[in-house]
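Next come the chains, spelled out residue by residue.
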Amino acid sequence: MQTVSGHSATAPAAKPSLAGLSRAALAEALEKIGVPKNQLRMRVGQLWHWIYFRGVQDFAAMTSVSKDLRALLSEHYSLARPEVVVEQVSTDGTRKWLLRLPADTPGEKPHEIEAVYIPESDRGTLCISSQIGCTLNCSFCHTGTQRMVRNLTAAEIVGQVMVARDRIGEWPDAAKPDDRNLPQREGRMISNIVFMGMGEPLYNFDNVREAVDTIADGEGIAIGKRKITVSTSGVVPMIEPLGRDAGTMLAISLHAVRDDLRDELVPLNRKYPIRELLDACRSYPGASNAKRITFEYVMLKGVNDTPDDAKALVKLLKGIPAKINLIPFNPWPGTRYECSDWNTIESFSEIVFRAGYASPVRTPRGRDILAACGQLKSETQKLSARERMALRAMAMTD
């Protein structure tokens, strides 16, 4: 494991940031500083290119924008991203960032969230957060031990993608870092986005939908909606609007085949039981063999990993175009759960595969960097004031 300093060239500043804003929000920001209405569309297009295609962090770099407008923008706004407090690099190339957001009001402590980048031979997946904390209290999830603070704004969600692109040098003409164990392959370093970090995305639907539109915009970051997956623990009323209005891929945190067990693992099941959840999946707009729903199933030793569980899972999903993602449990300090034995996981996968479902076993990643969601934030909060000051000093000298 390598822990590196967390300097972000555009740490949050007093001026409002334009980084992460939608086209409509950019237009509103420009109008506030006196840009004529008949110029808004053109100016938004210019800024969009520089912010989301080029990834610039200084208005002075926007050479196609007039000097007067650049000066006006610099006077009123910034291009700050969330501040990188800690970056950890796993021996397997996984990267985890603890990101700091400005305090909501003067005098309050700033908030912290997490994002994780997982490089593989054929893709690079960025896992991002949608809330600060979570209300769902899933018993196997570390984020469930943290209190819910608030929803992230659309700009804060997009900001996580921008930070990741900053750190791995993916903007055009950006220098690739030579000390981050990045994979050497053709194509985009960040090709897929998953809303599987801190929080329940469908409890922050409007901001998630706006962020998806910004991330997918073909003139900017341009990660298509079929490469964006929103994972839900089962907020049934919002599943249909997600498919209709956001158009992303859908993942379901299932983890159990019986309501009594799922009530314990995913307490939201008491409100929306398995049958209601699967009915919503069957009617998910756009679901097909080419656009399958992913069912996430964390493998917990002696809890949900028997052959009978596998057979029941296959029976439950009958008629749904599905892929079943088996996830070896990533232990965290204080949890009462253990990961299933590898032979047990392979036997479970074989039963599912023989029934005609793709059943990849997710390779455990980043265990040496506290990669289970919420761990890095919790461990950092345990640091002494002196240790936290040392981390900030490291960040400022990176």
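Residues numbered from 1 in each chain as written. Predicted model: local features only at pLDDT ≥ 70, side-chain atom pairs only at ≥ 80, totals over all residues. Heavy atoms only, no water.

### A short note on the nonpolar core
Here's step 1: One finds Leu 18, Ile 193 and Phe 295 to be the most contacted residues of the largest nonpolar core, which totals 108 residues.
Here's step 2: In terms of residues, this core owes the most to one element, helix α4 (residues 154-168), which gives nine residues.
Here's step 3: Here Phe 295 is in contact with Ile 252, Leu 254, Leu 278, Cys 281, Leu 317, Ile 320, Ala 322, Lys 323, Ile 324 and Asn 325, once residues within four sequence places are set aside. (Core = buried A, V, L, I, M, F, W, Y, C linked by side-chain atoms within 4.5 Å. Buried < 20%, exposed > 50% of the residue type's maximum accessible area, 1.4 Å probe, protein only. Helix = DSSP H or I, 4+ residues; strand = E, 2+ residues; numbered from the N terminus. Contact = heavy atoms within 4.5 Å.)

### Points about the confidence of the model for the protein
Here's step 1: On average, residues of the protein score 88 in pLDDT, and 85% of them are at 70 or above.
Here's step 2: Low pLDDT, under 50, characterises residues 380-398; the stretch is placed with 18 contacts to residues that sit more than four places away or in other chains. (pLDDT = per-residue confidence, 0-100.)

### Remarks on the pairing of strand β8 (residues 192-195)
Side-chain direction in a regular strand flips from residue to residue, so the side chains alternate between the two faces of the sheet.
Here's step 1: The two faces of β8 match: Asn 192 and Val 194 on one face and Ile 193 and Phe 195 on the other face are all buried.
Here's step 2: Pairing of strand β5 (residues 124-127) with β8, which is carried by three bridges, proceeds in the parallel orientation. Bridging across to β8, Thr 125 finds its partner in Asn 192.
Here's step 3: Handedness of the β-α-β unit built from β8, helix α5 (residues 205-216) and strand β9 (residues 228-232) comes out right-handed. (Pairing = 2+ DSSP bridges. Right-handed = clockwise from strand over helix to strand, strands pointing away.)

### So, the packing of aromatic side chains
Here's step 1: Throughout the structure, instances matching the rule amount to three aromatic pairs.
Here's step 2: Ring plane angle 35 degrees and centroid distance 5.1 Å describe the contact between Tyr 297 and Phe 348, whose orientation is recorded as tilted. Of this pair, Tyr 297 sits in strand β11 (residues 293-299) while Phe 348 sits in helix α10 (residues 342-354), and the two are 51 residues apart along the sequence.
Here's step 3: On the basis of relative accessibility, which here comes to 1%, the residue Phe 348 falls in the buried class.
Here's step 4: Seen in terms of ring centroids, Phe 329 and Tyr 337 are 6.3 Å apart; in terms of plane orientation they differ by 80 degrees. Their pairing is edge-to-face. (Phe/Tyr/Trp six-rings, centres within 6.5 Å; stacked < 30°, edge-to-face > 60°.)

### Remarks on the pattern of salt bridges
Here's step 1: By the definition in use, this model includes 23 salt bridges.
Here's step 2: Between Glu 264 and Arg 336 there is a salt bridge whose closest N-O contact spans 2.9 Å. Taken as a pair, Glu 264 in helix α7 (residues 259-265) and Arg 336 in the loop between β12 (322-328) and α10 lie far apart in primary sequence, 72 residues in all.
Here's step 3: Here the residues in one salt-bridge network are Asp 206, Arg 209, Glu 240, Arg 244 and Asp 245, joined through shared partners. (Salt bridge = Lys/Arg side-chain N within 4 Å of Asp/Glu carboxyl O.)

### Some words on the environment of Val 158
Here's step 1: Summarising the element assignment, Val 158 is placed in helix α4.
Here's step 2: For the pair Val 158 and Ile 128, spaced 30 residues apart in the sequence, the C-alpha separation amounts to 9.0 Å.
Here's step 3: Those residues in contact with Val 158 that lie beyond four places of it in its chain are Gly 20, Tyr 52, Ala 211, Thr 214, Ile 215 and Ile 221.

### Details of the environment of Val 266
Here's step 1: Structurally, Val 266 can be placed in the loop between α7 and α8 (274-282).
Here's step 2: Overall, the relative accessible area of 0% leaves Val 266 in the buried class.
Here's step 3: For the pair formed by Val 266 and Gly 234, sequence separation is 32 residues and the distance between their alpha carbons is 8.9 Å.
Here's step 4: When residues no more than four places from it in sequence are discounted, the contact partners of Val 266 are Cys 138, Phe 140, Ser 233, Ser 253, Leu 254 and His 255.

### Looking at the pairing of strand β10 (residues 249-253)
Here's step 1: In terms of burial, β10 is largely enclosed, as five of its five residues are buried.
Here's step 2: By the alternation rule, side chains of β10 split into Met 249, Ala 251 and Ser 253 and Leu 250 and Ile 252, which are all buried.
Here's step 3: The pairing of β9 with β10 spans four bridges and is parallel. If you follow Thr 229 over to β10, its bridge partner there is Met 249.
Here's step 4: At this point the chain moves from β9, through helix α6 (residues 239-246), to the parallel β10, and the crossover so formed is right-handed.
Here's step 5: Judged from the three bridges that link them, β10 and β11 form a sheet pairing that is parallel. Bridge pairing in β11 places Ile 252 opposite Phe 295.

### A closer look at the side chain of His 255
Here's step 1: Checked against the element boundaries, His 255 lands in the loop between β10 and α7.
Here's step 2: The exposure class of His 255 is buried, given its relative accessible area of 4%.
Here's step 3: Apart from the residues lying within four places of it in its own chain, the contact partners of His 255 are Phe 140, Leu 265, Val 266, Glu 296, Tyr 297, Val 298 and Asn 304.

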